[in-house]
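Read off the chains here:
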Amino acid sequence: MIRWSLPMGWGFTAGRALPRETTQTVIASQLRDAIVRLNPGVIGGFDVDAVVEEIVATVNAVEGGLVRANEQVLRLLRGHKEFRDADGVWHALKVIDLEHPTANTLVVSDEVTITVPGKTSRRFDLVYWVNGLPLVVVEVKSPTAKSGWVDAANEINNVYATEYPWFFTPNVFAVASDGLKLRFGAAGSPTNLWQPFRSTADDENLSGQADVKRSVELLMNPATILDMLANFVLFDTAGGGADIKYLPRYPQMEAAHLIHERVLEGGSKGLVWHHQGSGKTLLMVFAASLLLADTRTDSPTIILLSDRTHLVRHTAGVFTSAMGDAYFHRPKTSQKLRSLLAGDVRGVISTTVHKFADAGEKLSTRANIIVLVDEAHRTQSDKEKSLAGQMRAALPNAKFFGMTGTPVRNLATDTFALFGEEADPGRVLHRYSVSRSLLDEATVPVVLDPRPVVFEMNDQELQAEFDQFADDFDLDDPDRETLSRKFGRLTSVFANPDRIHAVCQDIVDHYLAGAYRNGLKAQVVAFNRELAVAYMEKINELLAGFEASQVLAKVGKHARITAEVNISVSDAKDEVAAMKPFQLSEAEEEEQKRRFLSPDDPLCFLVVTAKLMTGFDAPNEGVLYLDKPLKAHSLFQTITRPNRTWVSPTGFVKTRGVVVDYIGLAEEVQRAVVDPTSKGAGKGGGFVTDLSELVAEFRTTFARIEDLLADVDGLDLTVHGYESVRAINVFLDANPDAAEVFTKDYRLLARLYPLINTDKRVAKYQDGFGLFGSVYTTLFKKSSDEERKERLGELGPMVLEIINAHVHSFSVAASQEEALVLDAQGIVILKELLALVRPKPDKGDGEEKTPPSAAEILEHIKAALDKGVEPGSAKYTALAERIRLLRDRIIQNAQDALDFLSEALRIARAIVDAEKHPNTAVVVLDDDHVGVLSRIIHDHAPAGLTVTERNLAEEIDQVVTRTLARSWDNADARNRGARRATAAVFRRYMLKPVGEPYDSTVAYIEAHYLVD
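No experiment lies behind these values; they were computed from the predicted model shown.

Reading the values: rules and limits
- Residues numbered from 1 in each chain as written.
- Predicted model: local features only at pLDDT ≥ 70, side-chain atom pairs only at ≥ 80, totals over all residues.
- Heavy atoms only, no water.
- Helix = DSSP H or I, 4+ residues; strand = E, 2+ residues; numbered from the N terminus.
- Buried < 20%, exposed > 50% of the residue type's maximum accessible area, 1.4 Å probe, protein only.
- Contact = heavy atoms within 4.5 Å.
- Areas by Shrake-Rupley, 256 points an atom, 1.4 Å probe, with all protein chains shown as cover.
- Polar contact = N/O pair within 3.5 Å; in protein donor to acceptor, adjacent residues only side chain to side chain.
- Salt bridge = Lys/Arg side-chain N within 4 Å of Asp/Glu carboxyl O.
- Axes fitted to C-alpha atoms, helices over the stretch in contact; angles between N-to-C directions.
- Parallel < 35°, antiparallel > 145°, perpendicular 65-115°, else oblique.
- Left-handed = near helix turned anticlockwise from the far one by under 90°.
- Nonpolar A, V, L, I, M, F, W, Y, C, P; charged D, E, K, R; others polar.
- Core = buried A, V, L, I, M, F, W, Y, C linked by side-chain atoms within 4.5 Å.
- Phe/Tyr/Trp six-rings, centres within 6.5 Å; stacked < 30°, edge-to-face > 60°.
- Lys NZ or Arg CZ within 6 Å of the ring centre and 35° of its normal.
- Pairing = 2+ DSSP bridges.

Novice: What is the right way to read the overall build of the protein chain from this model?
Specialist: Check the secondary structure of the protein chain and you find 36 helices and 26 strands. Across the 1012 residues that make up the protein chain, the buried fraction comes to 53%. Taking as baseline every contact in the protein chain between residues at least 6 positions apart, the subset at least 24 positions apart corresponds to 75%. Accessible surface, the protein chain: about 44,600 Å² in total, of which carbon and sulfur atoms supply 51%.

Novice: Got a minute to help me understand helix α7 (residues 222-232) in this structure?
Specialist: Each α-helix turn comprises 3.6 residues. Residues three or four places apart therefore point the same way. Burial within α7 is extensive, with nine of its eleven residues counted as buried. Where α7 is concerned, the buried positions are Pro 222, Thr 224, Ile 225, Leu 226, Asp 227, Met 228, Leu 229, Asn 231 and Phe 232. Its side-chain oxygen at 2.9 Å from the backbone nitrogen of Ala 223, Asn 221 defines the N-terminal cap of α7.

Novice: Just checking my understanding: could you explain the pattern of salt bridges for this structure?
Specialist: Pairs can form between side chains of opposite charge once their charged atoms are near each other. Enumeration over the complete set of coordinates arrives at 27 salt bridges. Between Asp 49 and Arg 32 there is a salt bridge, and its shortest N-O distance comes to 2.7 Å. One end of the pair, Asp 49, is in helix α3 (residues 48-60); the other, Arg 32, is in helix α2 (residues 28-38), and 17 residues separate them in sequence. For Asp 49, a relative accessible area of 41% puts it in the partly exposed group.

Novice: I'm lost on helix α27 (residues 766-775) in this one. Help?
Specialist: Where burial is concerned, most of α27 is hidden: seven out of the ten residues are buried. Turning to α27, its buried residues are Gly 768, Phe 769, Leu 771, Phe 772, Gly 773, Ser 774 and Val 775.

Novice: What exactly am I supposed to notice about the side chain of Asn 566 here?
Specialist: Secondary-structure assignment places Asn 566 in strand β21 (residues 562-566). Judged by its relative accessible area of 0%, Asn 566 falls in the buried class. Of the polar contacts made by the side chain of Asn 566, one reaches the side chain of Gln 592; its length is 2.8 Å. Ignoring any residue separated from it by four or fewer positions in sequence, one finds Asn 566 in contact with Leu 584, Glu 589, Gln 592, Val 607, Val 608, Lys 611 and Leu 612.

Novice: What is the right way to read the packing of α2 against α3 from this model?
Specialist: For any two helices packed against each other, one specifies the inter-axial angle together with the distance between the axes. Contact geometry for α2 and α3: axes closest at 10 Å, N-to-C directions at 120°. Put simply, α2 runs oblique to α3. Where α2 crosses over α3, the handedness of that crossing is right-handed. In this structure, α2 contributes Ala 28, Leu 31, Arg 32, Ile 35 and Val 36 to the contact, and α3 contributes Val 48, Asp 49, Val 51, Val 52 and Ile 55. A per-class count over the contact of α2 with α3 returns eight nonpolar, no polar and two charged.

Novice: Explanation requested: the nonpolar core in the structure shown.
Specialist: Across soluble globular proteins, you tend to see nonpolar side chains buried next to one another. Leu 77, Leu 135, Phe 173, Met 220, Met 228 and Leu 372 are the most contacted members of the largest nonpolar core, which totals 80 residues. Here this core gets nine residues from one element, more than from any other, and that element is helix α9 (residues 280-293). Once you skip the residues sitting within four places of it in the chain, Phe 173 turns out to touch Leu 135, Val 136, Val 137, Phe 184, Gly 185, Leu 219, Met 220, Ile 225, Met 228 and Leu 247. In terms of nonpolar packing, the next biggest core, distinct from the first, is built from 45 residues, Ala 522, Tyr 535, Ile 561 and Val 569 among them.

Novice: Is there a simple way to explain the packing of aromatic side chains in this structure?
Specialist: The geometry of two aromatic rings is summed up by the distance between their centres and the angle between their planes. A complete count under the given rule lists 22 aromatic pairs for this structure. Ring geometry for Tyr 164 and Trp 166: centres 5.6 Å apart, planes at 75°, overall edge-to-face. The exposure class assigned to Trp 166 is buried, which follows from its relative accessible area of 18%. Joined through ring pairs, the aromatic side chains of Phe 698, Phe 702, Phe 742, Tyr 746, Tyr 765, Phe 769 and Phe 772 make up one cluster. Its guanidinium or amino end placed over the ring of Phe 83, Lys 81 lies 5.5 Å from that ring's centre, counting from NZ or CZ. A cation over a ring is seen here: Arg 392 above Phe 419, with NZ or CZ 5.3 Å from the ring centre.

Novice: Could you clarify how one ought to interpret the pairing of strand β8 (residues 182-185) in this entry?
Specialist: A regular strand places its side chains on the two faces of the sheet in alternate fashion. Of the two faces of β8, the one lined by Leu 182 and Phe 184 and the one lined by Arg 183 and Gly 185 are each fully buried. Where strand β7 (residues 173-177) folds back onto β8 in an antiparallel hairpin, the turn is made up of four residues, including Gly 179, whose phi is positive at roughly 85°.

Novice: Before we go on, may I ask you to explain the sheet that holds strand β14 (residues 347-352) in this structure?
Specialist: Overall, parallel pairing links the seven strands, which are arranged β13-β14-β12-β15-β16-β11-β17 in an open sheet. Looking at which strands have only one partner, the edges of the open sheet turn out to be β13 (328-329) and β17 (430-432). Examined bridge by bridge, strand β12 (residues 301-306) and strand β15 (residues 369-373) share five bridges and lie parallel to one another. Counted as the bridge partner of Ile 302 is Ile 370 from β15. Against the sheet, helix α8 (residues 250-264) makes contact with β11 (269-274), β15, β16 (399-404) and β17, and its axis sits at roughly 175° relative to β11, the strand it touches most. Of the strands in this sheet, β11, β12, β14, β15 and β16 are in contact with α9, which crosses β12 at around 170°.

Novice: Honestly, the sheet that holds strand β6 (residues 133-140) in this entry has me stumped. Any pointers?
Specialist: Hydrogen bonding along the main chain pairs the strands of a sheet, whether they run parallel or antiparallel. Judged by pairing direction, the sheet is mixed, and its six strands sit side by side in the order β1-β4-β5-β6-β7-β8 without closing on themselves. Every interior strand has two partners, whereas the edge strands, β1 (11-12) and β8, have only one. Both strand β5 (residues 122-130) and β6 contribute to a ladder of five bridges, which runs antiparallel. Paired with Val 127 across the bridge in β6 is Val 137. Those strands touched by α7 are β4 (106-114), β6, β7 and β8, and its axis lies near 115° from that of β6.

Novice: Help me understand the side chain of Arg 499, please; the structure alone is not making it clear to me.
Specialist: If you trace the backbone, Arg 499 turns up in helix α18 (residues 497-513). Here Tyr 535 takes part through its side chain, which lies 3.3 Å from a polar atom of the side chain of Arg 499.

Novice: Can you help me understand unusual backbone geometry in this one?
Specialist: Here Ser 299, not a glycine, exhibits a phi torsion of approximately 50°, which is positive. By the secondary structure assignment, Ser 299 is in the loop between α9 and β12. Backbone geometry at Arg 427 places phi at a positive 60°, although glycine is not the residue there. Inspection of the secondary structure assignment puts Arg 427 in the loop between α13 (415-419) and β17. Take Arg 427: its relative accessible area is 24%, and that puts it in the partly exposed class.

Novice: Hey, could you run me through the pairing of strand β18 (residues 446-450) in this one?
Specialist: The buried count for β18 comes to four of five residues, which makes it a mostly enclosed element. Pairing of β18 with strand β24 (residues 657-661), which is carried by five bridges, proceeds in the parallel orientation. Opposite Val 446, over in β24, you have Gly 657 as the bridge partner.

Novice: Would you mind going over the environment of Leu 630 with me for this structure?
Specialist: Along the chain, the position of Leu 630 falls in the loop between β23 (621-626) and α22 (632-639). Leu 630 gets classed as buried once you look at its relative accessible area, which sits at 8%. Note: C-alpha distance between Leu 630 and Ile 663 (33 residues apart in sequence) is 9.6 Å.

Novice: How should I be thinking about the packing of α7 against α8 in this particular structure?
Specialist: Where α7 contacts α8, the two axes come as close as 12 Å, and the packing angle between them is 70°. Overall, the two elements α7 and α8 adopt an arrangement that is roughly perpendicular. Like other packed secondary-structure pairs, α7 and α8 cross with a definite hand, here left-handed. When α7 is examined against α8, the residues Asp 227, Met 228 and Phe 232 are found in contact with a partner set consisting of Gln 252, Met 253, Ala 256 and His 257. The residue makeup of the contact of α7 with α8, split by class, is four nonpolar, two polar and one charged.

In structure tokens:
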């Protein structure tokens, strides 16, 4: 590090050779020389030694804590402290030349010792001195040692800054490195806030010592250190919470400087695209600070614009600390905002876009009004009557800069056109991509865990009851069709009490098994407000149960944990009365969020449907349970809620967030994470790799499986039937090592195939891939179409009662496939599917067309089928048929019927019936009829029957055992319980719980316990 630092202007002096006592923080002689050199016009009137003594006394004072002391010393180093000369006149003296780094005395030293009587001496590995002041402290570890950069950072935090805090009052930042990674941070701050320092212009793949060297060249450059000191170290010591020191991430520094330069050049706009969770709100604060400090901007008005009031509050403390109340304004009303702007106020105005409603035209025509818009893809539109349109009319000459992690280009708005300069690459002024954010560990990867909710249905009974209902109310075909369309979709099923119980039970079990034990909190996204309340009540009921209390007692942190809702409830007269109790005031909502963010508070679940899905920064949120269809930027922002970094008070480091998906939004996730810029996007934005690479990987993996199965006699990979499946199963049963290799390679094929299956180069592999899929029986893909919220009509509750009576056995099927991780590589894979369906542009058409969604494709097919139908004719579709089709779309990819097992089940049922009816002439094998099926399989199975069928038979008999052993309230409950357990077994073996051999299984089980 010393060798890399010398070419940048640092001079090396060994720590033991520094002109200082080991008890001294400041090299007084160098500080004295700098003060004389940098203040030639006024220094003659001062006792320089007295000035140095005053500065040293300020440096050594740490009353009020390190953060406050650091703020006071850095204010002095910025030249904001005045000193009194011999004539009693006050002057601001320059301690460091912030504009000309080489005009300062720059020294880097190793092995710098600090000691005082009664304390253990400590030795800093490296200290970077500017004019005798220790601005940077570095702790390093060997690349070959077990300890890493985190250990180095902890030594700075827990040893050096704790025992000798006065050495860190002039500290701009501290650095920790192990030679393979380098991180910088504020001394004393949690290690998850320490971050790399790189450049978005560099190769993302830079790593190891090359990455550390580049970081040193960028971060330890005197210009960077002094730029950070002058413009980018901010504090929140305004009260109302813990004192905080903010350091910038490198993309924030880059983007803030670009905004500053754009304003100085006379530019009028710019789009900053930074990944969700990487600090766009703080970027706005840094940019505003730069603009306000520059006299060339002529005392500007900076408007920090948000569409969320909590983001407005978030910035208040920083500016109050930096500038005082006189320069920071947070108007409470639209009238107050208009008054400030009309009165030509300068400084910072933090407000929401909603306060510009009815602001009128030309409220202020000044050109040095700069509007920094957070979450610029929301509420921003070029329509004149929109809130954003009214704001632009009120400020016709203002400059607008948009910050977003999900820019939008659709029919309603175009973030790129609204904020982007045509001359900027891809109309983006600065870009910090998802992949860079993940590589920098500024955010953590998100694991997408699909857990589709499956169910059963009594088709005939449901249809019969609905038909009788329709007859009773004398409904004609159009009326029947209307009700069928309205309630014959999953919207109805969502509110089913059994489904609510199944989903909430899965949420509680999943949370208590993992996230809770690590101190993480959870968010639940429900379909609508009513369901949000229902989920909250059900989750609280389950959390109060015996099973949950056992987990809580074992963890030993809380006696009870709870869930609360956060939903939008209006004051309107027509607001639903049942929603009124859940209305929160601004203060109550802030208190709720504070409790959620507190690791020790028992509030562990926030249940929402629209609020807090975007713009809610909760680093301790570890898992988000998603049970609502979402699209595009709303989905992307929602699934990034758990991607913030976090370290618990006990030291647990959050390495990834989890999104549990009960809907089946894989296709929409692929659509949501796409880069919407046009071809040839700027640096850091292109995530999509060449499709040929995926095809080549698929072919190579397929060939490995072919070679693996070369010894299977008579195997034809073009024949996808049960005999082929069984032949491969026999081979794999006999060769466990081969089975392990097959499993690993098939999982890779299964990840690749959905991305490339429309490519002609893989068409010849289709049959073989289907065959492999049947062998790998845990493979399944389940999804549901997006449902739309509909108002229940007069007859709605009655129809729902009919559905609820016949749709049952809800269960959550946890995917046995490896979870999809939305890390840098996972995002590349996800985006490929979207590229496959993206239509090619027409000749002469400069822009890409929006790719059709699955729903749009289905609509086109439906429209084609509907052609030729006479206008006005009512096509009555049976309610049961509609729901059955929905169910079939969820439960897919069943394997071929197991003929032998079906026959064995029929025989087993006959045997059990014979036990019940001894007069019937049927031979009984033995008295132990609970295991009849297993015995038949064991005694009469044909040669080559695989372990799959044997295990399935044993599990079916276990269902019988459990069913007979339990006490049931009534026969109906026992029937439902047995069917539910049977269906679960079939799903575990990836078989449809319909048709054969399922029907024979149910009949066999029912024969054991049903009373004639």
